[in-house]
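Now for the letters of each chain:
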Amino acid sequence: MPTDVVMPQMGESIFEGTITKWLKKAGDSVEKDEPLFEISTDKVDAEIAAPEAGVLAEIKVLEGATVEVNTVVAILAIGGETINVAGAANGVDSGDAAVSGASATATSTEQVVPSPAQGKLRSSPLVRRIAKENHLDLSRIAGSGSQGRITKEDILRYLSDNSAGRSARDTPVSPAPQALLAPPQVAGQGVPMTKMRSIIAERMVESVRISPHVHTVYKIDMTRIAKLREREKARFEQRHGVKLTYMPFIAAAAVQALNKFPIVNASLIDNLIYYHSEINLGIAVALEWGLIVPVIKQAENQSFLGLARAIADLAVRARSKKLLPEEAQGSTFTLTNSGVFGGEFGTPIINQPESAILAIGGLRKEPVVLTDAEGNDTIAIRSMQHFCLGFDHRTIDGAEAGKFMSEFAHTLEGWNRQIA
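Values in this document were obtained by computation on a predicted structure and should not be read as measured data. (Residues numbered from 1 in each chain as written. Predicted model: local features only at pLDDT ≥ 70, side-chain atom pairs only at ≥ 80, totals over all residues. Heavy atoms only, no water.)

1. Details of the overall build of the protein chain
Link 1 in the chain: Along its length, the protein chain carries seven helices and 20 strands.
Link 2 in the chain: Evaluated residue by residue, the protein chain yields a buried proportion of 45% over its 420 residues.
Link 3 in the chain: Pairs at least 24 apart in sequence give 64% of the contacts found in the protein chain among residues at least 6 apart.
Link 4 in the chain: For the protein chain, the accessible area works out to roughly 21100 Å², and carbon and sulfur atoms hold 51% of it. (Helix = DSSP H or I, 4+ residues; strand = E, 2+ residues; numbered from the N terminus. Buried < 20%, exposed > 50% of the residue type's maximum accessible area, 1.4 Å probe, protein only. Contact = heavy atoms within 4.5 Å. Areas by Shrake-Rupley, 256 points an atom, 1.4 Å probe, with all protein chains shown as cover.)

2. Some details on the pairing of strand β19 (residues 356-371)
Link 1 in the chain: Bridge count between strand β18 (residues 333-336) and β19: three bridges; the pairing is parallel. Within β19, the residue paired with Thr 334 across the bridge is Ile 357.
Link 2 in the chain: Direction of pairing for β19 relative to strand β20 (residues 377-392): antiparallel, over a ladder of 14 bridges. Residue pairing for β20: Pro 367 is matched across the bridge by Ile 381.
Link 3 in the chain: If you look at the hairpin formed by β19 and β20, you'll find five residues sitting between the two strands, and Gly 375 has a positive phi there, around 90°. (Pairing = 2+ DSSP bridges.)

3. Overview of the pattern of salt bridges
Link 1 in the chain: Counted by the stated rule, this structure contains 15 salt bridges.
Link 2 in the chain: Of the charged contacts, one joins Lys 60 and Glu 58 as a salt bridge, the two residues approaching to 3.7 Å between their closest N and O atoms.
Link 3 in the chain: Since its relative accessible area comes to 30%, Lys 60 is described here as partly exposed.
Link 4 in the chain: Several salt bridges share partner residues, and in doing so they unite Arg 231, Glu 232 and Arg 235 into one network. (Salt bridge = Lys/Arg side-chain N within 4 Å of Asp/Glu carboxyl O.)

4. Let's talk about helix α3 (residues 195-210)
Link 1 in the chain: With 16 residues, α3 extends 23 Å between its outermost C-alpha atoms, agreeing within 8% with the 22 Å of an ideal straight helix rising 1.5 Å per residue.
Link 2 in the chain: Along α3, the residues that are buried comprise Met 196, Ser 198, Ile 199, Ile 200 and Ser 207.
Link 3 in the chain: Each element contacted by the buried residues of α3 is listed here: β4 (35-40), β5 (45-49), β11 (213-221), β15 (285-287) and β16 (290-292). (Expected span 1.5 Å × (residues − 1).)

5. Here's the deal with the sheet that holds strand β2 (residues 16-22)
Link 1 in the chain: Reading across the sheet, the four strands line up as β5-β4-β2-β7 and stay open at both edges, with antiparallel pairing between neighbours. The outermost strands of the open sheet, each flanked by one partner alone, are β5 and β7 (66-68). Here the average twist between neighbouring strands, direction ignored, is 40°. (Axes fitted to C-alpha atoms, helices over the stretch in contact; angles between N-to-C directions.)

6. As for the pairing of β18
Link 1 in the chain: In β18, alternate side chains face the same way, and those of Phe 333 and Leu 335 on one face and Thr 334 and Thr 336 on the other are all buried.
Link 2 in the chain: By the bridge criterion, three bridges tie strand β14 (residues 281-283) to β18 in an arrangement that is parallel. By the bridge assignment for β18, Ile 283 is matched with Leu 335.

7. Quick notes on empty space enclosed by the protein
Over the atoms rolls a probe the size of a water molecule, and its path tells where empty space is left.
Link 1 in the chain: Applying the stated criterion across every chain, the model contains one cavity of 30 Å³ or more.
Link 2 in the chain: The volume enclosed by the largest cavity comes to roughly 40 Å³.
Link 3 in the chain: What lines the largest cavity is Asp 45, Met 196, Leu 287, Trp 289, Ile 292, Ala 318, Lys 321 and Leu 323.
Link 4 in the chain: Looking at the lining of the largest cavity residue by residue, the classes come out as six nonpolar, no polar and two charged. (1 Å grid on protein atoms, 1.4 Å probe; cavity = no way out; pocket = protein on both sides within 12 Å on 5 of 7 lines; lining within 4 Å. Points joined across faces, edges and corners; volume = space filled by probe spheres on them. Nonpolar A, V, L, I, M, F, W, Y, C, P; charged D, E, K, R; others polar.)

8. Here we look at the packing of helix α5 (residues 247-260) against helix α6 (residues 304-319)
Link 1 in the chain: Where α5 contacts α6, the axes come no closer than 9 Å and their chain directions differ by 120°. Between α5 and α6, the interaxial angle falls into the category oblique. As for how α5 packs across α6, the hand of that crossing is right-handed. In contact with Met 247, Pro 248, Phe 249, Ala 251 and Ala 252 of α5, α6 contributes Phe 304, Leu 307, Ala 308 and Ile 311.
Link 2 in the chain: In terms of residue class, the contact of α5 with α6 is made up of nine nonpolar, no polar and no charged. (Parallel < 35°, antiparallel > 145°, perpendicular 65-115°, else oblique. Left-handed = near helix turned anticlockwise from the far one by under 90°.)

9. Examining the sheet that holds β14
Link 1 in the chain: Ordered in space as β11-β20-β19-β18-β14-β17, the six strands form an open sheet in which the pairing is mixed. The open sheet has two edge strands with one neighbour each: β11 and β17 (295-296).
Link 2 in the chain: Sheet strands touched by α5: β14, β18, β19 and β20. Its angle to β18, the strand with the most contacts, is close to 150°.

10. Here we look at the packing of α5 against helix α7 (residues 398-413)
Link 1 in the chain: Following both chains from N to C, one finds α5 and α7 inclined at 140°, their axes separated by 9 Å at the closest point. Comparing their axes, α7 and α5 come out oblique. For α5 against α7, the interelement crossing comes out right-handed. Contacts from Phe 249, Ile 250, Ala 253, Ala 254, Gln 256, Ala 257, Leu 258 and Lys 260 in α5 reach Phe 404, Glu 407, Phe 408, Thr 411 and Leu 412 in α7.

11. Overview of the layout of surface pockets
Link 1 in the chain: One number sums up the size of the largest pocket: a volume of about 810 Å³.
Link 2 in the chain: Every residue lining the largest pocket is counted, 39 residues in all, and those nearest its centre are Arg 203, Val 293, Ala 328, Asn 351 and Gln 352.
Link 3 in the chain: Elements with a contribution of two residues or more to the lining of the largest pocket: α3, β16 and β18.
Link 4 in the chain: The leading source of residues in the lining of the largest pocket is α3, at seven residues.
Link 5 in the chain: Classifying every residue of the lining of the largest pocket gives 17 nonpolar, 15 polar and seven charged.

12. Side note on the packing of aromatic side chains
Link 1 in the chain: In total, this model carries eight aromatic pairs according to the counting rule given.
Link 2 in the chain: Judged by centre distance (5.7 Å) and plane angle (55°), the ring pair of Phe 333 and Phe 404 falls under tilted. Taken together, the positions of Phe 333 in strand β18 and Phe 404 in helix α7 put the pair 71 residues apart, joining distant regions of the chain.
Link 3 in the chain: Its relative accessible area of 0% is what places Phe 333 among the buried residues.
Link 4 in the chain: We classify Phe 404 as buried; its relative accessible area is 0%.
Link 5 in the chain: Taken together through their ring pairs, the aromatic side chains of Phe 236, Phe 249, Phe 304 and Trp 415 make up a single cluster. (Phe/Tyr/Trp six-rings, centres within 6.5 Å; stacked < 30°, edge-to-face > 60°.)

So, in structure tokens, the structure goes:
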């Protein structure tokens, strides 16, 4: 008998989700726990698995549509029953999604539009909306879909081919709907923001509006750690199954400094400074489709090896869309590695409601003047790295920020902890 596939509840505070991609099409066989579709919420992007083995009989909610949790998004035929592939499942193009500003259930109902020239025109709601926003006559567009149906690709191709000669009156008054997957980037053409990109944009603007940002930059001598890592990395990976990167050293030093200066781990909530009882360390991870900050909970209780494993595990699952919503919330302090792309340092935006964020710059060898105990100067090649602390000046003064960074630098430059 048929089984409903619903928009899952991805955490207590999440009430809706956007379907970003169907991984199967109507008529496809699926195994239990096989990825069926991808969703985006205000916490994570995730793959949703099929609840049972069967055949995908009908897709009720199309890509780009936002629906409330527990909304039926598809029907699975179970146990070899005969199915009639219907509705959205029948010939709907990837990305032909109904558009929702807040929450709406999308269907694939096609509208048959009479046309004096061509008799009947078939198109989806999304195609008709694009046509309306761009003042297009659908009867002029050749449909490549079933029975001459006009698809999303058809109308986007028509817009691209005819953009140069269009008059000012025909210029779109707004970009294509957010639900639409980004078309090929063409000069002069607006590209819609993805769900994740929109959320990032909102949070960055909100953070800059809320917090008076101040930044302080320290250049730290990482030579001792660089030599230790080079000497131990092969043995560490062989013994523990995880690569020895610089991140667990940096995370451990940050945790030690946060323990000593808890104001940097605090949050300002309703004009009260809230000192967190735990250090929940956010680790910003760059994705091909955006940015996410998975969290190491109670990082103060983790060993060096525990931090190394947690950082590697969260990064892999973030990039493969396997994170749970609770693993990407509740951070009290964030690390972001802008130096991985070659930059000297970045001036990061605070991850609200935190009070501080630490940006990791690029690691480079350079000549440095060293002074010995007798005051003699020598020049040596050292591995140097910039670190930039961004902090909320409402809660943290420059003195506290400086003390925190001095402790952080002292831990890294004089590293004396066991790594395994």
